[in-house]
Amino acid sequence: MNSFTRIIKSGFVSFYRNGWLSVAATGIVTFALVLVSTFVLLLLLGSSVIKNIQQKIDVEVFFKDDAKVADIITIKDQLAQNSNAASVRYISKKEALEIYKGQNDRNQKLLNQISEEANPLPASVQVKAKNPDKLDAFNQTLESDFAKPMIESRSDKENRDIIQRLQRIVSFIRSLGIFISLVVLTFAILVVFNTIRITIFSRREEIEIMRLVGASNWYIRGPFVVEGVFYGVIATAIAMLIVYLVVLAFGPALSGYLRDINEDVPSYFRANLGIILVVQLITGIGVGVISSMIAIRRHLKA
Amino acid sequence: MIKMVNVKKTYPKGILALEDVNLSIGANEFVSIVGASGAGKSTLIRLMIAEERPSEGKIFVNDRDISHLSHKQVPYYRRKIGVVFQDFKLLDQKTVGENIAFAMEVSGMKTSEIKKSVPKILKMVGLLEKQQAFPKQLSGGEIQRVAIARALVHQPKLLIADEPTGNLDPGNAWEIIQLLLKINQFGTTVILATHNKEIVDALQKRVVTLKDGHIIKDQKVGRYSLKK
């Protein structure tokens, strides 16, 4: 055995002997990790949703009911010639009604209120853009004196509002997440710090003697840091399991909610497993190392 | 071997422990440091083992200035000196052999090497047969011999003993002094802090006397007397 294996062994023995203290320390680190990864997951999901919506932005132009079909077709053809247009589709009032019925086929009450005679849905032209960042390219056509009086509204502006709202939510989650995570991480550090301090206290004689016979600071510090790392690693394993189970349990419901933007939360989690694992490991080990380093500090002054 | 130049040590709140200490100890010397409690013996020892830093002045050990050793350097310095204390500082839950091995493990020696060295060192202090015993099962004199054995694991050129006989009866105490003399004969400088008059008088070696933080006497062949 050399110093390295001695340090690892000593750290493990101490972890094992601490019994319930170890359980408490691991527990609080686990709790902190679950929280941190929940927020990370929400943020990742949020930004992915935003990206998804951003990519789906196309211009939907709704026409007033008195606009003539022939004029609408003219506008449609003009849009089709735009270099940023990927595809252009005309949806008549009738078609719009069919689509609406299809989307709400389970809501009979709603369907009863509309009919072909009293159809509130406008005719529209849908333009899929090649580059969603350059929707202004269509302005030339849509803002022209010919088109403008016929147009009721444009949907790309509404979508932008939604994205802005989402971005605000995501940035709120981010601030909230950072704040709560910091609070919980501080508690975790305190608990681990205390646990390791108890270990140090029970071994203070040994530490004193180690110093007297010339143990390097790292040799003395090592076992306690290893103990801290153990808390982090075990907590990561448990936290990972918890987060995975939570995603399995609530993921499908969330996916249903986000159906329109095609987010499959469980598979999204699986795809980001690596990131979450790395975040948890770094946080967990970080908590362990920081706490033990602080705890042992004053015992090393020579 | 050791050279202290104008050393002064004050503890926080201005408590003066040592002042104007100039001391030179050559290789292979056996020096007793005597003085009443509070005279500064312990502070002097603590300065020598780099447990404390002097407030003023310099301390050279083997021509190396140890008055400003960094925390990182202290462990390596400690491996070059042997230290023995009044309260032994052995680990009760480890056997005699393990206590000695511990000091070697700490400095990163290989297990195979340690296994070979431990019996050799125990033999030197005459406790080979006690390798598996726990400190609690030994007499005070035997425990102190284990501590001395541990101090010798790195074959130090300098052995510092702080009241090594303080907790021992006269018979055991004399045994320890004989061992220190033997170690000195093998070429190790020994510094012995004590207030045991009989021992100092019998040794017929150099005696440095401390009083109120000052060296008041330094005799080539000295006797224990706290007067000037």
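Residues numbered from 1 in each chain as written. Chains lettered and ligands numbered in written order. Predicted model: local features only at pLDDT ≥ 70, side-chain atom pairs only at ≥ 80, totals over all residues. Heavy atoms only, no water.

1. Quick word on the overall build of chain B
At step 1: When helices and strands are counted, chain B shows seven helices and 10 strands.
At step 2: Within chain B, buried positions represent 54% of all 228 residues. (Helix = DSSP H or I, 4+ residues; strand = E, 2+ residues; numbered from the N terminus. Buried < 20%, exposed > 50% of the residue type's maximum accessible area, 1.4 Å probe, protein only.)

2. Some thoughts on a negative patch on the surface
All names here are of chain A.
At step 1: Taken together, Glu95, Glu98, Glu116 and Glu117 make up a surface patch of like negative charges.
At step 2: Inspection of the secondary structure puts Glu117 in the loop between α5 (108-113) and β3 (124-129).
At step 3: Using a relative accessible area of 75% as the deciding quantity, one classes Glu117 as exposed. (Patch = residues over 30% accessible without salt bridge, like charges linked within 9 Å, V, L, I, M, F, W, Y side chains within 5 Å. Areas by Shrake-Rupley, 256 points an atom, 1.4 Å probe, with all protein chains shown as cover. Salt bridge = Lys/Arg side-chain N within 4 Å of Asp/Glu carboxyl O. Lys, Arg positive; Asp, Glu negative; His and termini not counted. Charge placed at Lys NZ, Arg CZ, Asp CG, Glu CD.)

3. Some remarks on the sheet that holds strand β2 (residues 15-25) of chain B
Residues and elements named next belong to chain B.
At step 1: With antiparallel pairing, the four strands of this open sheet are ordered in space as β2-β1-β4-β5. Among the strands making up the open sheet, the edge pair consists of β2 and β5 (64-65).
At step 2: Two strands pair when backbone bridges link them, and strand β1 (residues 2-11) and β2 are joined in this way by seven bridges, in the antiparallel orientation. Each residue of the ladder has a partner; that of Ile2, found in β2, is Ile25.
At step 3: Contacts from helix α1 (residues 41-48) reach β1, β2 and β4 (56-61), with the element oriented near 120° to β1. (Pairing = 2+ DSSP bridges. Contact = heavy atoms within 4.5 Å. Axes fitted to C-alpha atoms, helices over the stretch in contact; angles between N-to-C directions.)

4. Comments concerning the pairing of strand β9 (residues 206-211) of chain B
Residues and elements named next belong to chain B.
At step 1: For β9, the buried fraction is high: five of the six residues fall into the buried class.
At step 2: The sheet contact formed by strand β3 (residues 30-34) and β9 spans four bridges and is parallel. Among the inter-strand pairings, Ile33 is bridged to a residue of β9, identified as Val208.
At step 3: Here β9 folds back onto strand β10 (residues 214-219) in antiparallel fashion, the turn holding two residues, of which Asp212 has a positive phi close to 50°.

5. What about α1(B)?
Residue and element names in this part refer to chain B.
At step 1: Within α1, six of the eight residues are buried, which leaves the element mostly enclosed by the surrounding structure.
At step 2: All of the buried residues along α1 are Lys41, Thr43, Leu44, Ile45, Leu47 and Met48.
At step 3: Ala50 occupies a position one or two residues after α1 and carries a positive phi of about 60°.

6. A look at the nonpolar core
At step 1: Grouped together as the largest cluster of nonpolar side chains are 87 residues, with contacts concentrated most on Val29(A), Ile100(B), Met104(B), Ile148(B) and Leu180(B).
At step 2: Of all the elements, helix α2 (residues 20-56) of chain A adds the most residues to this core, at 11 residues.
At step 3: Excluding anything up to four places from it in sequence, Ile148(B) contacts Val84(B), Ile176(B), Leu179(B), Leu180(B) and Ile183(B).
At step 4: Of all hydrophobic cores here, the second largest spans 32 residues; its members include Leu23(B), Ile33(B), Leu69(B) and Val83(B). (Core = buried A, V, L, I, M, F, W, Y, C linked by side-chain atoms within 4.5 Å.)

7. Some thoughts on the interface of chain A and chain B
At step 1: Contacts between the two partners involve 17 residues from chain A and, on the opposite side, 26 residues from chain B.
At step 2: Between chain A and chain B the total buried area reaches about 1900 Å² when both faces are included, carbon and sulfur atoms providing 56% of it.
At step 3: Across the chain A-chain B interface, the total number found is two salt bridges.
At step 4: At the boundary of chain A and chain B, one finds six residue pairs in polar contact (both at pLDDT 80 or more).
At step 5: Counting only elements with at least two residues in the side of chain A that touches chain B, the list comes to α1 (3-17), α8 (204-212) and α9 (217-257) of chain A.
At step 6: It is α8(A) that provides the largest number of residues to the side of chain A that touches chain B, a total of seven residues.
At step 7: A per-class count over the side of chain A that touches chain B returns eight nonpolar, four polar and five charged. (Buried area = accessible area lost by both parts, 1.4 Å probe. Polar contact = N/O pair within 3.5 Å; in protein donor to acceptor, adjacent residues only side chain to side chain. Nonpolar A, V, L, I, M, F, W, Y, C, P; charged D, E, K, R; others polar.)

Remember that the coordinates give geometry; whether it matters functionally is a separate question.
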